[in-house]
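# Results of the structural survey
These are the residues of each chain, in order.
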Amino acid sequence: MASAYDREDGLAPPQPHGGGPADAYDPNYVPDSVKTFVVHLYRHIRDKNVYEIHQMYEGGFQRLSDRLFRDTPWPSAEAVAPYCDGDHVFLLLYRELWYRHAYARLSPLTASHRSESWNNYCDLFSVVLHGVVNMQLPNQWLWDMVDEFVYQFQSFCQYRAKLKNKTEDELQQLKQFDKAWNVYGVLNYLQALVEKSMIAQILEREKEGLESFTATDGYDYQGGSNVLKVLGYYSMIGLLRIHCLLGDYHTGLKCLAPINLNQQGVYTIVIGSHISTIYHYGFANLMMRRYVDATKEFNKILLYIIKYKQYHQKSPQYDQILKKNEQMYALLAICLSLCPQNKLIDENVSTQLKEKYNDKMTKMQRFDDEAYAAYDELFSYACPKFITPSPPVLDQPLTNYNQDAYRLQLKLFLYEVKQQQLLSGIRSYLKLYSAITITKLAQYMEMDEATLRSILMTYKHKMHAVDSNGKILSSADFDFYINEDVIHVVESKSTKRHGDYFLRQILKFEETIAELDKVQLD
């Protein structure tokens, strides 16, 4: 299944059960290949055959969609019900796929269909939360459920805020379905999945060796179900993403806290989950001035993509992997321009970064009008599609509000950039000296000593951040202190990682040997 992390708005389900011409689609017609697909998928779900479910979900559904339903929806759930014994839970899962396919392939999407999809998610999550779900589903499918749930909420907020060209009928539908995709409902479902699954406690017990959630990739090999626990796990990532869309970065990072990003976990198993987690984690840290944390995680995920992206070339998610890859390079360029930390960057990532953004990073160091334009451009390209969760007033004259949240976040970001305008000059001078008097530095910077002291305090403030544990950490690549009007500079020495260098050379050597072995000599 294609993930939905950042599809453009407007791609959505059909006219009331139609995607192409009105007479080209019969929701009650079920091709033989679809009957076979439903019968086998239903049987594999009942048998908890995760491998076969994954093959049908990732492969079969995609192939049938490409072959039979490129421009039309799948048959309705009511039409396929006879081929799955009318199983209520299976039909909820089928509808989840139905709406996801419609969002990805068809347009325009009506408020009615958006509301129907919302109701189906409510029913599906209610069964998981309050019923007995005796299933094992692939992690990919469970991640896509949470990812799509958040995407459809984001899409609805954007759709609802674009009022300018809406017809009277569309406005009436917005009023009729005003309870759909309510921000409190969305957050409550995700939070309920986290709490009911007790995933935070499970991850805590795992540290003590009392659980094996990560070791088994979240699956239950004792015959139980993985659905609630894994949905709870991925819901923490979903909450991080929603709070980033709302501009509440502190709460987003707090929601993700039970997951240890420094260890391989269930979030790394699905490439879409891995990238979405680090992208939003890094962006939230960037906006909270935790530049070191953001830089470290961007560096790790970008290095991972360099090494493994060829394995995902046939994946339907490949284009989105490449897009997020480009966005994270842009965010990394911003981090390093605001807070140079080149010692944290791998050689391969640094090379790619210079190829993409060397000119812009040079501009951003100057902090003039061109620098602001470069920051604006990179932020606008790489930031999430922010949303305003509250519904607009549906009164005349109608206007569009969908860009308001983005403009606010951009304004706050550029205000932070402007506050650091003089810090670049301070950094340039202090890196030249081990000690310099305040009087001399004030002369060089053409300002009075009182102003310089204020700027030095600002530098100290801006280069320090509070981590998730409340500890104050420095983000600067050097530190300084003032003693009797003399500024003493203490530059941190970068540790040379000889081991990494030799490992890279060994890998290159092994690749060369492997290539030579393929050569057949006459």
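Residues numbered from 1 in each chain as written. Predicted model: local features only at pLDDT ≥ 70, side-chain atom pairs only at ≥ 80, totals over all residues. Heavy atoms only, no water.

For the chain, an unreviewed UniProt entry supplies the name Eukaryotic translation initiation factor 3 subunit L and the organism Triticum aestivum. You can read under Subunit (unreviewed entry) in the UniProt record for the chain the words "Component of the eukaryotic translation initiation factor 3 (eIF-3) complex." As recorded by UniProt, the Subcellular location (unreviewed entry) comment attached to the chain reads in full: "Cytoplasm". (UniProt positions renumbered as here; feature names shortened; annotations may be inferred.)

### Here's the deal with the nonpolar core
Formed by 158 residues in total, the largest nonpolar core has its most connected members in Leu137, Trp141, Tyr233 and Tyr234. Among the domains, domain 1 (108-413) and domain 2 (433-491) are the pair contributing at least three residues each to this core. With sequence-adjacent residues up to four places away left out, Tyr234 is seen in contact with Asn139, Leu142, Trp143, Val146, Val266, Tyr267, Val270 and Ser273. (Core = buried A, V, L, I, M, F, W, Y, C linked by side-chain atoms within 4.5 Å. Buried < 20%, exposed > 50% of the residue type's maximum accessible area, 1.4 Å probe, protein only. Domains from an automatic or database assignment. Contact = heavy atoms within 4.5 Å.)

### Examining the pattern of salt bridges
Using the criterion set out here, one finds 15 salt bridges in the structure. The residue Arg46 makes a salt bridge to Asp85 at a minimum N-O spacing of 3.8 Å. One end of the pair, Arg46, is in helix H1 (residues 32-46); the other, Asp85, is in the loop between helix H3 (77-80) and helix H4 (88-105), with 39 residues separating them in the sequence. Asp85 carries the same exposure label as Arg46, and that label is exposed. Measuring nitrogen to oxygen at the nearest pair gives 2.8 Å for the salt bridge that ties Asp147 to Arg241. In this pair, Asp147 sits in helix H6 (residues 139-161) while Arg241 sits in helix H10 (residues 227-246), placing the two residues 94 residues apart along the sequence. Note on accessibility: Asp147 and Arg241 belong to one class, buried. (Salt bridge = Lys/Arg side-chain N within 4 Å of Asp/Glu carboxyl O. Helix = DSSP H or I, 4+ residues; strand = E, 2+ residues; numbered from the N terminus.)

### Details of the state of the cysteines
Under the defined criterion, the tally for this structure stands at zero disulfides. Free cysteine: Cys255, not disulfide-bonded; nearest cysteine sulfur from Cys244 at 10.0 Å. (Disulfide = S-S within 2.5 Å.)

### Observations concerning a nonpolar patch on the surface
There is a patch of nonpolar side chains on the surface, built from Phe502, Leu503 and Ile506 and spanning about 320 Å² of accessible area. Within the secondary structure, Leu503 is located in helix H21 (residues 498-518). What makes Leu503 exposed here is its relative accessible area of 53%. (Patch = residues over 30% accessible without salt bridge, like charges linked within 9 Å, V, L, I, M, F, W, Y side chains within 5 Å. Areas by Shrake-Rupley, 256 points an atom, 1.4 Å probe, with all protein chains shown as cover.)

### Some words on the side chain of Ser65
For Ser65, the location among the structural elements is in helix H2 (residues 50-68). Judged by its relative accessible area of 2%, Ser65 falls in the buried class. One polar contact links Ser65 to Trp74, side chain to side chain, over a distance of 3.1 Å. Apart from the residues lying within four places of it in its own chain, the contact partners of Ser65 are Arg70, Trp74, His101 and Arg105. (Polar contact = N/O pair within 3.5 Å; in protein donor to acceptor, adjacent residues only side chain to side chain.)

### A short note on the packing of aromatic side chains
Using the criterion set out here, one finds 29 aromatic pairs in the structure. Measuring from ring centre to ring centre gives 5.4 Å for Tyr42 and Phe90, while their planes differ by 70°; the resulting arrangement is edge-to-face. Placement of Tyr42 in helix H1 and of Phe90 in helix H4 is noted, with a sequence separation of 48 residues between them. Relative accessible area serves as the criterion here: at 3%, Phe90 is assigned to the buried category. The structure contains a cluster of three or more aromatic residues connected by ring pairs, namely Trp118, Tyr121, Phe125, Phe149, Trp181 and Tyr189. One cation-aromatic arrangement involves Arg114 over Tyr159; the distance from NZ or CZ to the ring centre is 4.1 Å. A cation over a ring is seen here: Lys166 above Tyr159, with NZ or CZ 4.0 Å from the ring centre. (Phe/Tyr/Trp six-rings, centres within 6.5 Å; stacked < 30°, edge-to-face > 60°. Lys NZ or Arg CZ within 6 Å of the ring centre and 35° of its normal.)

### Brief notes about the packing of H4 against H6
Contact geometry of H4 with H6 gives a least axis separation of 11 Å together with a crossing angle of 50°. In this view, H4 runs oblique relative to H6, as classed from their interaxial angle. Classified by chirality, the crossing of H6 by H4 is left-handed. Here Leu93, Glu96, Leu97, Tyr99, Arg100 and Tyr103 of H4 come into contact with H6, specifically with Trp141, Asp144, Met145, Glu148, Tyr151, Gln152 and Ser155. Its residues placed into classes, the contact of H4 with H6 shows seven nonpolar, two polar and four charged. (Axes fitted to C-alpha atoms, helices over the stretch in contact; angles between N-to-C directions. Parallel < 35°, antiparallel > 145°, perpendicular 65-115°, else oblique. Left-handed = near helix turned anticlockwise from the far one by under 90°. Nonpolar A, V, L, I, M, F, W, Y, C, P; charged D, E, K, R; others polar.)

### Describing the environment of Leu187
Turning to its location among the elements, Leu187 is positioned in helix H8 (residues 183-197). Measuring from C-alpha to C-alpha, the distance between Leu187 and Gly238 comes to 9.1 Å, with 51 residues separating the pair along the chain. Excluding its chain neighbours within four sequence positions, the residues that come into contact with Leu187 are Leu239, Ile242 and His243.

### Some remarks on H2
Between its first and last C-alpha, H2 extends 25 Å over 19 residues, near the 27 Å set by a 1.5 Å rise per residue. Of all the bends in H2, the largest measures some 35° and sits at Met56. If you check which residues of H2 are buried, you get Val50, Ile53, Met56, Tyr57, Gly59, Gly60, Phe61, Gln62, Leu64 and Ser65. The inward-facing, buried residues of H2 abut H1, H4 and H6. (Expected span 1.5 Å × (residues − 1). Bend = angle between axes of the 7 residues up to and from the residue.)

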